[in-house]
Amino acid sequence: MNKIVLTILLSTIFGVFGLYYYNRSESKNNRMFREALSKDVFFITFLAPLVGAALFSFLISLVFVEADTETFFKSDVVLLTAMFYLYGVYSVSMGMHALAKAFKPEVFRMKDGKLGKLIYFFHGPFSHTVSELSISLIFALLMIYNINHPVKTVLTKPDIIIVVACGIILGIGMAIVYAIGNALSLKKWILLFIIGILIYVERTSKSTMMHSPLSIYILTSYIVAGLILFINEYGPYKNVFMKFVDKKFVSVEKDWTGVLQ
């Protein structure tokens, strides 16, 4: 198996585990640090970003090592700088998310409407939207970086099947994460814009997708997530996906309904 494909597979497994662990009731009910933070918030704020940073760094180096050229382009400097900056933005948003989650029980207890709306803003519209957007852009930049450095050998059929399957799983997971943070009307258009840019970059590049596993992986995941969001908005059963997420995972808006009212 191609090393990049293996890393994609392991990254997808970790993503699925992270989504499951963060949303299971046992993690939400178990508290840490003098009852301030639950295990799910500790995981998503500290452990997940650490593993994510390690995977991103490993993929960046692996793509360069496996590439058919040893040239480091000027555009790579821009791409890598932007990725590290966006990861910093993601980390800040996760810090805001942790604080908002820590203050939330007190807001419920005090029943202060103005304070509730303030904490809700940093928990919902700010931390979720900013973290989702920053990670989405990091994936997009990572794909462009892979286009700059296509792998030496053509991907085999088993490798392609694994990458596409992982892309579908990631796309479903992304759609769930977007729905948990709400504001799907905005996110579906942002996602469509990113997909359009990536398709244009891929079509104008000299390399083919068969030499760029991250292109197949990321485009598949974005297209799957985009389809889910658009079907949820314009399909015959409007908001059925959002209702499913509210039932199984509980979105931010539903979680804060009692306080905001």
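Everything that follows concerns the structure shown earlier in this document.
Since we're looking at a predicted model, the values are computed, not measured.

Colleague: Would you mind going over the side chain of Ser 215 in detail, with residue names and values included?
Modeller: With respect to the helices and strands, Ser 215 occurs in helix H8 (residues 213–234). Exposure remark for Ser 215: the relative accessible area of 0% places this residue in the buried category. Engagement of the side chain of Ser 215 in a polar contact is seen with the side chain of Glu 202, the distance being 3.1 Å. In contact with Ser 215, not counting residues within four places along its chain, are Met 143, Asn 146, Ile 147, Glu 202, Met 209 and Thr 220.

Colleague: Which residues make up helix H9 (residues 240–248), and what values go with them?
Modeller: By the burial criterion, the buried members of H9 are Phe 241, Met 242, Val 245 and Asp 246. When H9 is viewed along its axis, its buried side chains cluster within an angular range of 140° and face the same direction. Turned more than 90 degrees off the buried face of H9, the exposed positions are Lys 243, Lys 247 and Lys 248. Buried residues along H9 sit against helix H6 (157–180), helix H7 (184–204), H8 and helix H10 (252–255). Phi turns positive, to about 75°, at Val 250, one or two residues after H9.

Colleague: Before we move on, could you go through the packing of aromatic side chains and cite the residues and values that matter?
Modeller: Across all of its chains, the model carries 11 aromatic pairs by this definition. Ring geometry for Phe 121 versus Phe 122: centroids 5.3 Å apart, planes at 75°, classification edge-to-face. Judged by its relative accessible area of 28%, Phe 122 is partly exposed. One aromatic cluster is present, built from ring pairs that chain together Phe 56, Tyr 87, Tyr 90 and Phe 139.

Procedures and definitions
Residues numbered from 1 in each chain as written. Predicted model: local features only at pLDDT ≥ 70, side-chain atom pairs only at ≥ 80, totals over all residues. Heavy atoms only, no water. Helix = DSSP H or I, 4+ residues; strand = E, 2+ residues; numbered from the N terminus. Buried < 20%, exposed > 50% of the residue type's maximum accessible area, 1.4 Å probe, protein only. Polar contact = N/O pair within 3.5 Å; in protein donor to acceptor, adjacent residues only side chain to side chain. Contact = heavy atoms within 4.5 Å. Arc of directions from axis to C-beta. Phe/Tyr/Trp six-rings, centres within 6.5 Å; stacked < 30°, edge-to-face > 60°.

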